[in-house]
Amino acid sequence: AVHTIAHLFNMERYNQSQQATDRSLPAVLSKMHLQGNNWLNPIHSNQTTVEYVAFTTIPGLTGVIITLALILMVTSSTEFIRRNYFEVFWYTHHLFLIYFAGLVIHGIAGLVRGQTEQSMAEVHPHHCAHYLTQRDQNCTHDCCKDPEFGSIPAESWKWVLAPIILYIFERILRVWRARQKVLVKKVVMHPARVLELQMQKKGFRMEVGQYIFVNCPAISPLEWHPFTLTSAPEEDFFSIHIRVAGDWTERLIDTFQSEIPRIEVDGPFGTASEDVFQYEVAMLVGAGIGVTPFASILKSIWYKFQQADQTLKTKKIYFYWLCRDTGAFAWFNDLLASLEQKMAESGKADFLTYRLFLTGWDTSIVS
Ligand SMILES: Cc1cc2nc3c(=O)[nH]c(=O)nc-3n(C[C@H](O)[C@H](O)[C@H](O)COP(=O)(O)OP(=O)(O)OC[C@H]3O[C@@H](n4cnc5c(N)ncnc54)[C@H](O)[C@@H]3O)c2cc1C
């Protein structure tokens, strides 16, 4: 915004300097070298308007385009749009490609000019500026020479080159990873329309608390949705639990009820929650589908117990889960019940204390 506003003021001042008829320094400099290539003011005649420069030159046009792209990206990133129209936010954000392309070529026409180094050495503005406004034809002083101006080389590419290379590298890596075949081993439809997918993929390694991006080309080849892994690293598959939240999850669950579509998986991503195993007492608090990372943690603890893993310091876990309806409890219930039973069998019945809170209630639940 600062850059754009500065340009708007600048353009207006260029225009005023070009139109000025007094012998002020801006007026004198604006009239210099209009026929050659050494001009300073990009507005070369009184007829040239600011709008003409803005819409017919490369810097002007790219400036307008990247400003519009930025305005659209910023406004569509507001929480309201992200929550209610995620796709609008997602697709609009890809204007960043136009933004960066425009940014790189914005300065190449060399519209922003300055005095050349050689001319500076001869006619330095600090000492010579007043000669320019007052000189007459007979002036023989060094300062009476005409200063020469040239374009300042475009530099924005230097700032964006490294991020662009990293981004392209990351895209290639993600496309390659996403193309690895995913085998859907098991599909479980839980109550409250929660779909569990158990999958296998060559070379897939995970840590507790991580998430993956899932794409189903049959629904939308461009949409990737994040889901937390609910399996433990010790298992020979990875799993996710998907709750209906909008159109994509709705269509995915409907599709899985009739056939098993092709699924692409990218990841895992995110920092692992392995720290939990370093503490003697852990308190896990989850709400609704936000319980998913704890499924992974609880399962992993169980495997570590089985394998008498010495890295496990945890002696006690308090687990709290808040849910709106009873249906949601059902799908996690199996895991909790089996964990409780196994802990009791191995003489560690008090290892896990859990409390489930139901926040939505109506009388039909009693019956
Ligand atoms: C790190 C992470 C882990 C998640 N883990 C789970 C999980 O284990 N189980 C589960 O059921 N849900 C999980 N979600 C939420 C899940 O990604 C969204 O419910 C799903 O993408 C909704 O898509 P939709 O088109 O059906 O709904 P929409 O109506 O498009 O969106 C519903 C909500 O999901 C958000 N959303 C939509 N698409 C995306 C996207 N591509 N990336 C991020 N957010 C999006 C929107 O902001 C909106 O608030 C997780 C989200 C994140 C960010």
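Residues numbered from 1 in each chain as written. Predicted model: local features only at pLDDT ≥ 70, side-chain atom pairs only at ≥ 80, totals over all residues. Heavy atoms only, no water.

For the chain, the name recorded in an unreviewed UniProt entry is NOX1 oxidase, with Neodrepanis coruscans as its organism. Regarding the chain, the UniProt comment filed under Catalytic activity (unreviewed entry) reads as follows: "NADPH + 2 O2 = 2 superoxide + NADP(+) + H(+)". Recorded under Subcellular location (unreviewed entry), the UniProt text for the chain is reproduced unchanged: "Membrane". (UniProt positions renumbered as here; feature names shortened; annotations may be inferred.)

Participant: How would you summarise the layout of surface pockets if you had to cite specific residues and measurements?
Facilitator: To locate leftover empty space, one rolls a probe as large as a water molecule over the atoms. Estimated volume of the largest pocket: approximately 1400 Å³. Together, 40 residues line the largest pocket, and F86, F213, W224, H225 and P226 are the ones closest to its centre. Looking at the lining of the largest pocket, the element that brings in the most residues is helix 10 (residues 156–178), giving five residues. Considering only residue class, the lining of the largest pocket consists of 19 nonpolar, ten polar and eleven charged. Considering only enclosed or pocket space, the second largest pocket measures out at about 940 Å³ in volume. In terms of lining residues, the second largest pocket is bounded by 34 residues, among which H3, H7, P59, G63 and H106 are the most central. Where the lining of the second largest pocket is concerned, the elements lending two or more residues are helix 1 (2–19), helix 3 (50–56), helix 4 (58–75) and helix 7 (96–105). With nine residues, helix 4 is the single largest residue contributor to the lining of the second largest pocket. (1 Å grid on protein atoms, 1.4 Å probe; cavity = no way out; pocket = protein on both sides within 12 Å on 5 of 7 lines; lining within 4 Å. Points joined across faces, edges and corners; volume = space filled by probe spheres on them. Helix = DSSP H or I, 4+ residues; strand = E, 2+ residues; numbered from the N terminus. Nonpolar A, V, L, I, M, F, W, Y, C, P; charged D, E, K, R; others polar.)

Participant: Please give an account of helix 7 that cites residues and values.
Facilitator: All of the buried residues along helix 7 are F96, Y99 and G102. Down the axis of helix 7, the sector holding all buried residues measures 125°, keeping them to one side. (Buried < 20%, exposed > 50% of the residue type's maximum accessible area, 1.4 Å probe, protein only. Arc of directions from axis to C-beta.)

Participant: Pulling in residues and values, what's your account of the pattern of salt bridges?
Facilitator: Considering all chains together, one arrives at 13 salt bridges under this definition. Among the salt bridges present, the one from R83 reaches E79, with a minimum N-O distance of 3.2 Å. With R83 and E79 both in helix 5 (residues 79–84) and four residues apart, the pair spans about one turn of that helix. E79 gets classed as partly exposed once you look at its relative accessible area, which sits at 46%. Overlapping salt bridges bring together E170, R174, R177 and D266 as one network. (Salt bridge = Lys/Arg side-chain N within 4 Å of Asp/Glu carboxyl O.)

Participant: Would you mind going over the environment of G290 in detail, with residue names and values included?
Facilitator: Examined against the element boundaries, G290 turns out to sit in the loop between strand 9 (281–287) and helix 12 (292–306). Along the sequence, G290 and P147 sit 143 residues apart, while their C-alpha atoms lie 68 Å from each other.

Participant: Can you break down the domain arrangement of the chain residue by residue, with the values?
Facilitator: The domain boundaries assigned to the chain delineate domain 1 (2–158), domain 2 (181–269) and domain 3 (275–366). Put simply, the middle of domain 1 and the middle of domain 3, counted by C-alpha atoms, are 62 Å apart. (Domains from an automatic or database assignment.)

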